[in-house]
Amino acid sequence: MAGTRRHGGGRGRPTLEEVAARAGVGRGTVSRVINGSPRVSDRTRTAVEQAVAELGYVPNRVARALAANRADAVALVIPEPETRLFAEPYFSDIIRGVGAELADTDLQLLLTLIRTPKERQRLADYLSAHRVDGVLLVSVHADDPLPDLLERIEMPAVLSGRRSAHETVPYVDSDNTGGAQSAVEHLIGRGRGTVATITGPLDMYVAQCRLEGYHAAVRAAGREVDPELVASADFTEEGGRRAMRQLLSQRPDLDGVFAASDVMAAGARQVLRENGRGVPDDVALVGFEDSAVARHMDPPLTSVRQATEEMGRAMVRVLLEEIGGRSDRTAKRPQMVLPTQLVRRESS
């Protein structure tokens, strides 16, 4: 009967053409209604929606994606080894935020790690074929060629952080300089006279900014920046241990340390304990991120809180605007810097 809903039964699923015939409109009009186009009158929209309901028509997502030249997927690219991915809360918090923001969309999330030049080239070929609709790129180093490739192939992309102060790709970042400055000002304000820092890898703008914040606080207190109070590391726990040994060797009189990540602060804490230095009695210690590592350290770590999960969410929102064409690519690209906050605990 004409007014009954179709239910399989050997006749197959209803087609777009059948919906168009039922509604008395063309196939293109049905497609516009299904894809949410505003270029359809309310009366026509109602007729198409009624035909869809009567026939039990279910749009084919794959066909819709192909018709729109869409892959219905985004890639989250982390150019780091698995050891860092699983050891550092920063990455899991970013992934959690990205997943939560994508949950209400039809987009699939592809997580990709890059560990070797061969894997980097394979990913470049994959992205150049536009097999995803956009890319979220985390942990960007200054010499990373991927952001430039993404711009060249006009692939919508958003970075977590940035490569320099002149970044051209859309990004979401934290106030790394201000957060680091507040951490060091806190140590100086607590009466610490010889404050050292453990930096991240200085080919990353995030590490440069946190070092800049350290320098700013030291100079604001009327002190000279002493190169022997600066040790470079790599955001890992082992890197924090190595840097802390170096600092104790160079300046055994230090009484305060700002580590540019909680994970490095944990490594520094171990070395201080091995060398009979109490925290905070002998050496006050501050980290950055306010991750679970900070809360579970002994003593609990004073740390600069950055909204890492919110960074992941914000990256997705910016990327969806880029994919949807709502961001004017000739105008200034979307750039967000989220605030940080010092969380005081027993380590300082």
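Residues numbered from 1 in each chain as written. Predicted model: local features only at pLDDT ≥ 70, side-chain atom pairs only at ≥ 80, totals over all residues. Heavy atoms only, no water.

Aromatic rings in a pair are described by how distant their centres are and how their planes are angled relative to each other. Applying the stated rule across the entire model yields 2 aromatic pairs. Ring centres of Y90 and F91 lie 5.5 Å apart, and the angle between their planes is 80°; this geometry places the pair in the edge-to-face category. With respect to burial, Y90 and F91 carry one shared label: buried. On the numbers, 6.5 Å between centres and 55° between planes, the contact of F258 with F288 is tilted. A residue pair is termed long-range when its members are at least 10 positions apart, and F258 in strand β8 (residues 256–259) and F288 in strand β9 (residues 284–289) qualify at 30 residues. As far as burial versus exposure is concerned, F258 and F288 are alike and both buried. Across the ring face of F288, the terminal group of R210 is positioned such that the distance to the ring centre comes to 3.7 Å. (Phe/Tyr/Trp six-rings, centres within 6.5 Å; stacked < 30°, edge-to-face > 60°. Buried < 20%, exposed > 50% of the residue type's maximum accessible area, 1.4 Å probe, protein only. Helix = DSSP H or I, 4+ residues; strand = E, 2+ residues; numbered from the N terminus. Lys NZ or Arg CZ within 6 Å of the ring centre and 35° of its normal.)

Moving on: the nonpolar core. Counting residues in each nonpolar core, the largest one holds 45 residues, and the members touching the most others are V184, I198, M244, L254, V257 and F258. At the level of secondary structure, the elements contributing two or more residues to this core comprise α9 (176–189), β6 (195–199), α10 (205–220), α11 (237–250), β8, α12 (262–274) and β9. Once residues lying within four places of it in the same chain are set aside, the contact partners of V184 are V195, Y214, A217, V218 and F258. By size, the runner-up hydrophobic cluster in this structure holds 23 residues, among which are L85, I94, V316 and V318. (Core = buried A, V, L, I, M, F, W, Y, C linked by side-chain atoms within 4.5 Å. Contact = heavy atoms within 4.5 Å.)

On to unusual backbone geometry, then. Along the chain, V279 connects to P280 via a cis peptide bond; the corresponding omega equals 10°. Among the secondary structure elements, P280 is positioned in the loop between α12 and β9. A cis amide bond links D298 with the next residue in sequence, P299, at an omega value of -5°. Position of P299 relative to the elements: it lies in the loop between α13 (292–296) and β10 (302–306). Phi at H130 is positive, roughly 55°, even though this residue is not glycine. Here H130 is to be found in the loop between α7 (117–128) and β3 (134–138). A residue is classified by how much of its surface remains accessible, and H130, at 39% relative accessible area, is partly exposed. One non-glycine residue, E289, lies in positive phi territory at about 125°. Secondary-structure assignment places E289 in strand β9.

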